[in-house]
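This is what each chain is made of:
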Amino acid sequence: MLEIRRLSLRHPAPLHDISLDCAAGEVTVILGPNGAGKSTLLHAIGGYYPAAAGEIRLAGVALAGIDAARLAGCRALVEQHPARPAGMRVADLLCIGANQPAPAMLAQALELCDCQALLARDCASLSGGELQRVHLARALHQLLAGKATSRYLLLDEPTAALDIGAANQQLATLRQLAQRWQLGMIAVLHDVNLALRHADKVLLLKDGRQV
């Protein structure tokens, strides 16, 4: 279980008194207008921004007290605009973040994200859609290669570059993955209809506050 208790942040965007529980196998969507603090909250859940007040606990342990190596096996983040490291092959990018690469799990992630044909490519040569799929495969490999009992996939606008049909299909697939591997999934979205169709729970933010 991931527990957020009265969380407040000052930077990079203010958040005030946010509380939420996210269970394994459950899809949680964060909604709100631009500037509401959605991405800030997602990054705070990933341990990238320190809390000004309150706390986040993962499997009963304060997130601030989990070392980087252990945290890498517990959560993986896919940015809205993921890194495109020039000179790095896709095969190498896919192993970033994994404490111990797991070929069998990587093969599954590649198949699920349709990335098998991209392994030898330079990351700089990928299209936006290809890069997003590769980073999703990387994040899945990072989590599945670890031995953590509580694992969370964090997605910042995963459907931003997709049409409505493709977005619907991608979220349906991600939901199946969450249930199959008991991954907690927390996604920032803009589309209310997609959120209501695929989420187990929705957190609505406005001006950094939980509505």
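Look up a bit, the structure's there.
Residues numbered from 1 in each chain as written. Predicted model: local features only at pLDDT ≥ 70, side-chain atom pairs only at ≥ 80, totals over all residues. Heavy atoms only, no water.

J.: Would you take a moment to explain helix 4 (residues 103–112) for this structure?
T.: In an α-helix there are 3.6 residues to a turn, and that puts residues three or four apart on one side. Among the residues of helix 4, Leu106, Ala109 and Leu110 are the ones counted as buried. One side of helix 4 carries all its buried residues, which in axial view fall inside an arc of 100°. Exposed residues lying more than 90 degrees from the buried face of helix 4 are Ala104 and Glu111. Those residues of helix 4 that are buried are in contact with helix 5 (128–144). Just downstream of helix 4, Asp114 is the residue with a positive phi angle, here 55°. (Buried < 20%, exposed > 50% of the residue type's maximum accessible area, 1.4 Å probe, protein only. Helix = DSSP H or I, 4+ residues; strand = E, 2+ residues; numbered from the N terminus. Arc of directions from axis to C-beta. Contact = heavy atoms within 4.5 Å.)

J.: I would appreciate a short explanation of the side chain of His198 in the present structure.
T.: Secondary-structure assignment places His198 in helix 7 (residues 192–198). At 2.7 Å, the side chain of His198 forms a polar contact with the side chain of Asn168. Here His198 is in contact with Val27, Asn168, Leu171, Ala172 and Arg175, once residues within four sequence places are set aside. (Polar contact = N/O pair within 3.5 Å; in protein donor to acceptor, adjacent residues only side chain to side chain.)

J.: For this particular structure, what's the right way to read the pairing of strand 8 (residues 184–188)?
T.: On any regular strand, side chains alternate: one points to one face of the sheet, the next to the other face. Where burial is concerned, most of strand 8 is hidden: five out of the five residues are buried. Residues Gly184, Ile186 and Val188 of strand 8 are buried on one face, and the alternating residues Met185 and Ala187, pointing to the opposite face, are buried as well. Taken together, the five bridges between strand 7 (residues 152–156) and strand 8 define a ladder with parallel strand orientation. Paired with Tyr152 across the strands is Gly184, a residue of strand 8. In this region the chain leaves strand 7, passes through helix 6 (residues 164–181) and returns to the parallel neighbour strand 8; the handedness of that crossover is right-handed. (Pairing = 2+ DSSP bridges. Right-handed = clockwise from strand over helix to strand, strands pointing away.)

J.: It is not clear to me how helix 6 should be interpreted in this structure. Could you clarify?
T.: Here helix 6 contains 18 residues, and its C-alpha end-to-end distance of 26 Å stays within 8% of the 26 Å for a straight helix at 1.5 Å per residue. Among the residues of helix 6, Ala167, Leu171, Leu174, Leu177, Ala178 and Trp181 are the ones counted as buried. Taken end-on, helix 6 shows its buried residues confined to a sector of 115°, consistent with a single buried face. Seen from the buried face of helix 6, the exposed residues on the opposite side, beyond 90 degrees, are Gln176 and Arg180. Immediately beyond the C-terminal end of helix 6, within one or two residues, lies Gln182, with a positive phi of roughly 55°. (Expected span 1.5 Å × (residues − 1).)

J.: What exactly am I supposed to notice about the nonpolar core here?
T.: Within soluble globular proteins, side chains that are nonpolar generally end up buried alongside one another. Of all hydrophobic cores here, the largest spans 39 residues; its most connected members are Val134, Leu136, Leu140, Leu153, Leu155 and Leu174. Leu140 has contacts with Ala109, Cys113, Leu153, Leu177 and Leu183, leaving out every residue within four places of it along the chain. In this structure, Leu41, Leu77, Tyr152 and Leu154 belong to the second largest nonpolar core, which totals 27 residues. (Core = buried A, V, L, I, M, F, W, Y, C linked by side-chain atoms within 4.5 Å.)

J.: In this structure, what is going on with a nonpolar patch on the surface? I would like to understand it.
T.: A contiguous nonpolar surface patch, about 260 Å² in accessible area, is contributed by Val192, Leu196 and Val202. On the secondary structure map, Val202 appears in strand 9 (residues 201–206). (Patch = residues over 30% accessible without salt bridge, like charges linked within 9 Å, V, L, I, M, F, W, Y side chains within 5 Å. Areas by Shrake-Rupley, 256 points an atom, 1.4 Å probe, with all protein chains shown as cover. Salt bridge = Lys/Arg side-chain N within 4 Å of Asp/Glu carboxyl O.)

J.: What should I look at first to understand the layout of surface pockets in this one?
T.: Empty space among the atoms becomes apparent when a probe as large as a water molecule is rolled across them. When its volume is computed, the largest pocket comes out at roughly 480 Å³. Going through the elements one at a time, helix 5 and helix 6 are the ones with two or more residues in the lining of the largest pocket. Taken as a whole, the second largest pocket holds about 200 Å³ of empty space. Leu7, Ala44, Gly47, Tyr49, Pro50, Ala51, Gly54, Glu55, Ile56, Ala62, Leu63 and Ala64 are the residues that line the second largest pocket. No other element matches strand 4 (residues 53–58), which puts three residues into the lining of the second largest pocket. Class assignment for the residues of the lining of the second largest pocket results in nine nonpolar, two polar and one charged. (1 Å grid on protein atoms, 1.4 Å probe; cavity = no way out; pocket = protein on both sides within 12 Å on 5 of 7 lines; lining within 4 Å. Points joined across faces, edges and corners; volume = space filled by probe spheres on them. Nonpolar A, V, L, I, M, F, W, Y, C, P; charged D, E, K, R; others polar.)

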